[in-house]
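# Structure at a glance
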Amino acid sequence: MSELIKDLDIIAEETKTDESCAVQVSKEENTGKSRKLYIESYGCQMNFSDSEIVTSIMKENGFDTTNDFNNADVIFLNTCSIREKAELTVRKRLTDFNKVKASKPEMQIGVLGCMAERLKTKLLEEEKIVDIVAGPDSYRDLPNLVKTVDDGEKAVNTFLSREETYADISPVRLNSNGVTAFISIMRGCDNMCSFCVVPFTRGRERSRDPYSIVKEAQDLFDKGYREVTLLGQNVDSYKWSEEINNKARLEKIEKKEEVEVINFANLIEMVANVSPDLRVRFSTSHPKDITDEVLHTMKKYENICKYIHLPAQSGNSRILKMMNRTYDRDWYINRVDAIRDILGEECGISSDMIAGFCSETEEEHQDTLTLMDYVKYDFSYMFFYSERPGTLAEKRYEDDIPLDIKKKRLQEIINKQRAHSLERNQLDLNKVHKVLVEGTSKRSDEQLQGRNTANKVVIFPRENYQKGDYVDVLVEECTGATLIGKAV
């Protein structure tokens, strides 16, 4: 669930105080195909990765893409359902499209992804403008769904698969900087966190063929990309076997050593070996699953970035149990200690924090603050609890913390994280960092920006360096969000 909605994201210089999620749109492409697709994606990197798969499928079936929905024959909204605000944003967006469709009635509008999976045919009843509803495992069927609408019918496919990984589809890179790319390594989630809709909207966990992952990484490297991020709801539980690709059965058989199993530590080593010049990142890790084997593999390879997103959600063991996180405060601290012992104090650690979960007391909130003091995260994604229909928490617990208390506790978490981010960045002063240049700074074309191994943004004068270069940068100044220096 970790990276799904970044309500208050202190990676940015200015802390965001609304509940909007990230948005990406398709790019303009004209190869002479008969129809135009506009796709707008909301939420997490997994959704953006899925939109690249959808684009690839549609391109193979007679579509070019456009970045202007007014010019589209088909509009897809790839949606997020993790917070109510995300769904309200989509519904509001549909009203914008309604104006265009009124003058262009042959235009098709489809809702894809988590919101589609959650609401299914109900979405067609509630939003008359919608023609297609497709869940995350039904994207291969989209050309058929479009044809159904061409024939005058509405079209729905929300079947959740236990096998689909889209391993054979080469994604079309959208909004790419040509340097960094995402590779989906697994789909679904088996962790029934009580606050989360993901297991219901993305289905059971299944891992992708590792050889197809390595092939995709090699292809990206050959095209000039220099960093890949391996994506999964819970990457540390990645398990694949040529004989059996069913996680539950694999875990039983694996203990008997009857089949060869490739785990996450094996996978990141395979990808790291594509080239020492290809950086490898991953997200998201689960505290219950991250192993010392993964940490030692990270230490072994310089090109596996020393950064881990390790969502805590709360610092109190009772609340963690209610959240069904399957670890307690001591276990989480044990994993942080292992990271520091094996990878050093320089390894970046980030987190997710939820303020005001059901029945949380002031003392339990203080436990979250003291956990933050112990870990000193480099940055965090922080939000107050928002009850979602159909989750275990909605069925079992009362959402009984008043909104003003939730906001007060969230602000205390934000304030503490701001202080820790600045403190962690100050440790990087007067040190040389290897930075992969991703492009020009948002503030000036005379400045370049990239990230160091710990996932921190570094800005320095352009000089003669180019996008995709590795540059050694001496950090001379910092803010809570950015390191600033010069090439050496």
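Right above here is the structure, for reference.
Before going into details, it helps to say that this report is about the structure given with it. Everything numeric here is computed off the predicted structure, so don't read it as measured data.

## A look at the overall build of the protein chain
Each helix and strand in the protein chain was counted, giving 15 helices and 23 strands. In terms of overall dimensions, the protein chain is globule-like: its C-alpha atoms have a radius of gyration of 22 Å, near the 23 Å expected for 488 residues. Judged by the C-alpha coordinates and their principal axes, the protein chain covers about 65 × 60 × 55 Å. Buried positions account for 59% of the 488 residues belonging to the protein chain.

## A few points about the packing of aromatic side chains
For the structure shown, the criterion picks out 12 aromatic pairs. Relative to Tyr332, the ring of Tyr327 has its centre 6.1 Å away and its plane inclined at 35°; by these criteria the two rings are tilted. Assessed through its relative accessible area of 1%, Tyr332 is described here as buried. Arranged with centres 6.3 Å apart and planes meeting at 75°, the rings of Phe357 and Tyr397 form a pair that is edge-to-face. In this pair, Phe357 is assigned in the loop between strand S17 (348–355) and helix H13 (362–375) and Tyr397 in the loop between helix H14 (392–396) and helix H15 (403–426), connecting sequence segments 40 residues apart. Taken together, the ring pairs connect Tyr38, Phe69 and Phe97 into an aromatic cluster.

## Focus on helix H2 (residues 84–103)
With 20 residues, H2 extends 30 Å between its outermost C-alpha atoms, agreeing within 8% with the 28 Å of an ideal straight helix rising 1.5 Å per residue. The largest bend along H2 reaches roughly 25° and is located at Phe97. Residues of H2 that are buried make contact with strand S3 (35–42), strand S5 (74–79), strand S6 (108–113) and helix H3 (114–119).

## What about the environment of Leu310?
Summarising the element assignment, Leu310 is placed in the loop between strand S16 (307–309) and helix H11 (317–322). Relative accessible area serves as the criterion here: at 0%, Leu310 is assigned to the buried category. Placed 42 residues apart in sequence, Leu310 and Asp352 show a C-alpha to C-alpha distance of 7.6 Å. Non-local contacts of Leu310, meaning those with residues more than four positions away in its chain, are made with Ser285, His286, Pro287, Ile290, Tyr332, Arg335, Val336, Ile339, Ile349, Ser350 and Ser351.

## Here's the deal with the pattern of salt bridges
Within the structure shown, the criterion is met by 43 salt bridges. With a closest N to O distance of 3.5 Å, Lys120 and Glu117 form a salt bridge. For Lys120, a relative accessible area of 34% puts it in the partly exposed group. Note that Glu345 is salt-bridged to Arg340, the shortest N-O span being 3.8 Å. Relative accessible area serves as the criterion here: at 48%, Glu345 is assigned to the partly exposed category.

## A word on the sheet that holds strand S23 (residues 482–487)
The five strands are arranged S19-S20-S21-S23-S22 in a closed barrel whose pairing can be described as mixed. Within the sheet, the average angular offset between the axes of one strand and its neighbour, ignoring direction, is 50°.

## Quick word on the nonpolar core
By size, the foremost hydrophobic cluster in this structure holds 79 residues, and its most contacted members are Leu230 and Phe264. With seven residues, helix H12 (residues 329–343) is the single largest residue contributor to this core. With sequence-adjacent residues up to four places away left out, Leu230 is seen in contact with Ile183, Ile185, Ile213, Val235, Phe264, Leu267, Ile268, Val271, Val280, Arg281, Phe282 and Ser283. Counting 22 residues, the second largest nonpolar core, distinct from the first, contains Ile39, Val54, Ile132 and Leu174.

## Here's the deal with the sheet that holds strand S15 (residues 279–283)
Spatially, S9-S12-S15 is the arrangement adopted by the three strands of the open sheet, whose pairing is parallel. On the outer flanks of this sheet lie strand S9 (180–184) and S15, each paired with one strand and no other. The sheet shows a mean angle of 25° between the axes of neighbouring strands, direction not considered. Of the strand pairs in this sheet, strand S12 (residues 227–231) and S15 are connected by five bridges, and their pairing is parallel. Within the sheet, the bridge partner assigned to Glu227 lies in S15 and is Arg279. Its contacts with the sheet put helix H7 (residues 210–222) on S9 and S12, and the angle it makes with S9 is roughly 165°. The sheet contacts of helix H9 (residues 264–272) involve S12 and S15, and relative to S12 the element is tilted by about 160°.

## Focus: the pairing of strand S19 (residues 432–440)
Taken together, the five bridges between S19 and strand S22 (residues 470–478) define a ladder with antiparallel strand orientation. Looking at the pairing, Lys434 lines up with Asp472 of S22. Sheet analysis places S19 next to strand S20 (residues 447–451), joined by four bridges and oriented antiparallel. Across the sheet, residue Val437 finds its bridge partner in S20, namely Gly450. The turn joining S19 and S20, which pair antiparallel and follow one another in sequence, is formed by six residues.

What counts as what
Residues numbered from 1 in each chain as written. Predicted model: local features only at pLDDT ≥ 70, side-chain atom pairs only at ≥ 80, totals over all residues. Heavy atoms only, no water. Helix = DSSP H or I, 4+ residues; strand = E, 2+ residues; numbered from the N terminus. Rg over C-alpha atoms; globule rule 2.2 N^0.38 Å. Buried < 20%, exposed > 50% of the residue type's maximum accessible area, 1.4 Å probe, protein only. Phe/Tyr/Trp six-rings, centres within 6.5 Å; stacked < 30°, edge-to-face > 60°. Expected span 1.5 Å × (residues − 1). Bend = angle between axes of the 7 residues up to and from the residue. Contact = heavy atoms within 4.5 Å. Salt bridge = Lys/Arg side-chain N within 4 Å of Asp/Glu carboxyl O. Pairing = 2+ DSSP bridges. Axes fitted to C-alpha atoms, helices over the stretch in contact; angles between N-to-C directions. Core = buried A, V, L, I, M, F, W, Y, C linked by side-chain atoms within 4.5 Å.

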